[in-house]
Amino acid sequence: MPAKPHRVLLDRVSGYADEAGAYLRRRRHLRKPFARASYAGGRSEAFPEDSEQGQALFDAASKLIEVADARVLRRRSRGATRDEAKQ
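Calculation rules
Residues numbered from 1 in each chain as written. Predicted model: local features only at pLDDT ≥ 70, side-chain atom pairs only at ≥ 80, totals over all residues. Heavy atoms only, no water. Buried < 20%, exposed > 50% of the residue type's maximum accessible area, 1.4 Å probe, protein only. Helix = DSSP H or I, 4+ residues; strand = E, 2+ residues; numbered from the N terminus. Pairing = 2+ DSSP bridges. Salt bridge = Lys/Arg side-chain N within 4 Å of Asp/Glu carboxyl O. Phe/Tyr/Trp six-rings, centres within 6.5 Å; stacked < 30°, edge-to-face > 60°. Lys NZ or Arg CZ within 6 Å of the ring centre and 35° of its normal.

Asker: Where do I start with the pairing of strand E1 (residues 34-38) in this structure?
Answerer: The side chains of a regular strand alternate, residue by residue, between the two faces of the sheet. Where burial is concerned, the two faces of E1 differ: the one with Ala35 and Ala37 is buried and the one with Phe34, Arg36 and Ser38 is not. The antiparallel hairpin formed by E1 and strand E2 (residues 44-48) contains five residues in its connecting segment, where Gly41 sits at a positive phi of about 95°.

Asker: Would you mind going over the pattern of salt bridges with me for this structure?
Answerer: Pairs can form between side chains of opposite charge whenever their charged atoms are close. Tallied over the full model, the rule gives one salt bridge. With a shortest N-O distance of 3.5 Å, Glu45 and Arg43 are connected by a salt bridge.

Asker: When you look at the packing of aromatic side chains in this model, what are you seeing that I'm missing?
Answerer: The geometry of two aromatic rings is summed up by the distance between their centres and the angle between their planes. Applying the stated criterion to the full structure yields zero aromatic pairs. Positioned above the aromatic ring of Tyr39, the side-chain terminus of Arg43 is 4.1 Å from the ring centre.

In structure tokens:
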């Protein structure tokens, strides 16, 4: 008895999805964190996380993220009190 057409299509799509998932898992293991610095004139340089320059760039970036997050939280809390005052 031949397979129903929708099952053949479903099997094919499932196979593609499985392959795509496996590709993403393999790719995730190969990626290593790095920091890229761009200079005037278009030159850029990548620094691995375990290098001295890379670690300094990662530390600076994490501090910038903390500051930006704190500002967003303060702005949101001020906006909430203004909204409450309007009611």
